[in-house]
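Examining the three-dimensional arrangement
One letter stands for each residue in the lines below.
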Amino acid sequence: MTTVRIYVTYKQSVFDPQGEAITNSIHSLGHDEVKGVKVGKFFDVTIEEGDKLVAETVKEISEGLLVNFNMETYSYKILEEK
Amino acid sequence: MKFAVIQFPGSNCDIDLYEALHTVCGADVAYVPSKESSLDGFDAVMLPGGFSYGDYLRAGAIARFTNIMPAIVEMAKAGKPVFGTCNGFQILTEAGLLPGALKRNDSLKFVCKTVELEVANNDTIFTSEYQKGEKINLPIAHADGSFYADPETLQKIEDNGQVVFRYSKENPNGSLNNIAGITNERGNVLGMMPHPERAVEALLGDTDGLHLFKSILDHAEVKA
């Protein structure tokens with residue numbers, strides 16, 4: 001079994017209103033050194049490796065469901081393999 | 001002409017659509033649950049507002065996987081009128097039947113009010129009963145209605161005249177180019193965030209939505 005963490009975020013060009021609101025709140029905390037926050041989400045996906053490579057599964061489920069490529073992009077890392 | 005109003009788990013404007021068509025326009029309408037897989041016998045399909053599947057993942061993202069979706073895609077391909085309001089619009093973009101995407105409102109607030117729209121294109125099966133440039137008032141009620149498309153797609157939508165409704169006084173959600181409603185390239189699929197079905201009787205405050213349904217009734221099918 002392999003556990004993969006897939007991160008989904010807005011593309012750079014897309015305005016992230018939540019990130020903007022959080023950045024403003026961080027400035028209210030007094031942390032003016034924080035210049036930007038982007039909000040995203042992640043999915044921990046457990047995959048049983050068979051004929052299909054884990055990378056292929058990740059690509060197919062990301063492109064098919066988890067990510068809306070009109071506005072989002074994704075990356076992933078392997079958390080655990082056993 | 002027979003209309004199907006699709007009921008997804010979490011739809012909550014299905015009755016509004018049904019009544020607008022049936023009671024107000026006298027049209028032939030039936031509810032079709034999203035677990036059904038056929039739209040045989042229907043000439044037009046209407047996707048209601050609401051929160052299908054609780055807006056899990058992204059608004060409209062899960063509804064795309066319901067049994068009825070292939071039949072809706074077939075209707076769209078056949079040139080039959082396919083209409084989605086609010087969550088219906090979100091579902092149509094997620095299903096790839098309309099370009100772009102609907103993201104969280106810039107204000108991060110759920111916006112519920114009546115807004116002024118301009119009819120940007122009246123040369124469609126959905127808007128032929130309006131005048132081009134006509135100002136109409138329709139209710140909106142959404143948190144994820146900010147229309148986004150990459151610059152290239154946006155230019156294409158504009159050049160093709162696919163922008164049908166624009167917010168004209170204020171932009172309530174941050175939509176690019178003040179876009180409130182768009183069609184596909186062929187012009188037989190319309191998605192819009194405002195709710196025309198909530199503005200079909202004077203008792204409801206306005207009748208500006210009525211022309212949309214009357215326009216569809218005027219056109220049984222778009223020629224390819």
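- Naming follows an unreviewed UniProt entry, where chain B appears as Phosphoribosylformylglycinamidine synthase subunit PurQ of Lactobacillus delbrueckii.
- As recorded by UniProt, the Subunit (unreviewed entry) comment attached to chain B reads in full: "Part of the FGAM synthase complex composed of 1 PurL, 1 PurQ and 2 PurS subunits."
- The UniProt entry for chain B carries the following comment under Pathway (unreviewed entry): "Purine metabolism; IMP biosynthesis via de novo pathway; 5-amino-1-(5-phospho-D-ribosyl)imidazole from N(2)-formyl-N(1)-(5-phospho-D-ribosyl)glycinamide: step 1/2."

Digging into the overall build of chain B
- Counting its secondary structure elements, chain B contains five helices and eleven strands.
- On C-alpha atoms alone, chain B measures out to a radius of gyration of 16 Å, which is about the 17 Å that the 2.2 N^0.38 rule sets for 224 residues.
- The dimensions of chain B, computed from C-alpha atoms along their principal axes, are 40 × 35 × 35 Å.
- In chain B, which comprises 224 residues, the share counted as buried stands at 55%.
- Contacts in chain B between residues far apart in sequence, at least 24 positions, make up 74% of those at least 6 positions apart.
- For chain B, the accessible area works out to roughly 8,800 Å², and carbon and sulfur atoms hold 47% of it.
- In chain B, which carries 19 positive and 29 negative side-chain charges, the distance between the mean positions of the two groups comes to 4 Å.

Concerning the sheet that holds strand β10 (residues 179-183) of chain B
All names here are of chain B.
- Spatial strand order, β2-β1-β3-β4-β11-β10-β9-β6-β7: nine strands in an open sheet with mixed pairing. With one partner strand each, in any of the chains shown, β2 (28-33) and β7 (135-142) form the two edges of the open sheet. Across the sheet, the mean angle from the axis of one strand to that of its neighbour is 25°, orientation sign disregarded.
- Here strand β4 (residues 82-85) pairs with strand β11 (residues 189-192) via four bridges, running parallel. Paired with F83 across the bridge in β11 is L190.

Looking at unusual backbone geometry
Residues and elements named next belong to chain B.
- In this structure, Y53 is a non-glycine residue whose phi angle is positive, near 50°.
- For Y53, the position within the fold is in the loop between β3 (44-47) and α2 (69-77).
- Assessed through its relative accessible area of 29%, Y53 is described here as partly exposed.
- Positioned with a positive phi, C86 is a non-glycine residue whose angle comes to about 60°.
- By secondary structure assignment, the location of C86 is in the loop between β4 and α3 (87-94).

Comments concerning the nonpolar core
- Counting 68 residues, the largest nonpolar core has I6, L39, I72 and F165 of chain B as the members making the most contacts within it.
- With five residues, α2 of chain B is the single largest residue contributor to this core.
- One finds V4, V8, F43 and V45 of chain A within the second-largest nonpolar core, a separate group that totals ten residues.

Describing the interface of chain B and chain A
- Taken together, the contact pairs 16 residues of chain B with 17 residues of chain A.
- Together chain B and chain A conceal approximately 1,400 Å² of surface at their shared face, both sides included; 59% is due to carbon and sulfur atoms.
- On inspection of chain B and its partner chain A, the count reaches one salt bridge.
- In this structure, R58 of chain B engages E72 of chain A in a salt bridge whose closest nitrogen and oxygen atoms are separated by 3.6 Å.
- Inspection of the chain B/chain A interface yields eight residue pairs in polar contact (both at pLDDT 80 or more).
- Of the residues forming the side of chain B that touches chain A, the biggest block, three residues, is contributed by strand β5 (residues 101-103) of chain B.
- Residue composition of the side of chain B that touches chain A, by class: eight nonpolar, two polar and six charged.

Conventions we followed
Residues numbered from 1 in each chain as written. Chains lettered and ligands numbered in written order. Predicted model: local features only at pLDDT ≥ 70, side-chain atom pairs only at ≥ 80, totals over all residues. Heavy atoms only, no water. UniProt positions renumbered as here; feature names shortened; annotations may be inferred. Helix = DSSP H or I, 4+ residues; strand = E, 2+ residues; numbered from the N terminus. Rg over C-alpha atoms; globule rule 2.2 N^0.38 Å. Buried < 20%, exposed > 50% of the residue type's maximum accessible area, 1.4 Å probe, protein only. Contact = heavy atoms within 4.5 Å. Areas by Shrake-Rupley, 256 points an atom, 1.4 Å probe, with all protein chains shown as cover. Lys, Arg positive; Asp, Glu negative; His and termini not counted. Charge placed at Lys NZ, Arg CZ, Asp CG, Glu CD. Pairing = 2+ DSSP bridges. Axes fitted to C-alpha atoms, helices over the stretch in contact; angles between N-to-C directions. Core = buried A, V, L, I, M, F, W, Y, C linked by side-chain atoms within 4.5 Å. Buried area = accessible area lost by both parts, 1.4 Å probe. Salt bridge = Lys/Arg side-chain N within 4 Å of Asp/Glu carboxyl O. Polar contact = N/O pair within 3.5 Å; in protein donor to acceptor, adjacent residues only side chain to side chain. Nonpolar A, V, L, I, M, F, W, Y, C, P; charged D, E, K, R; others polar.

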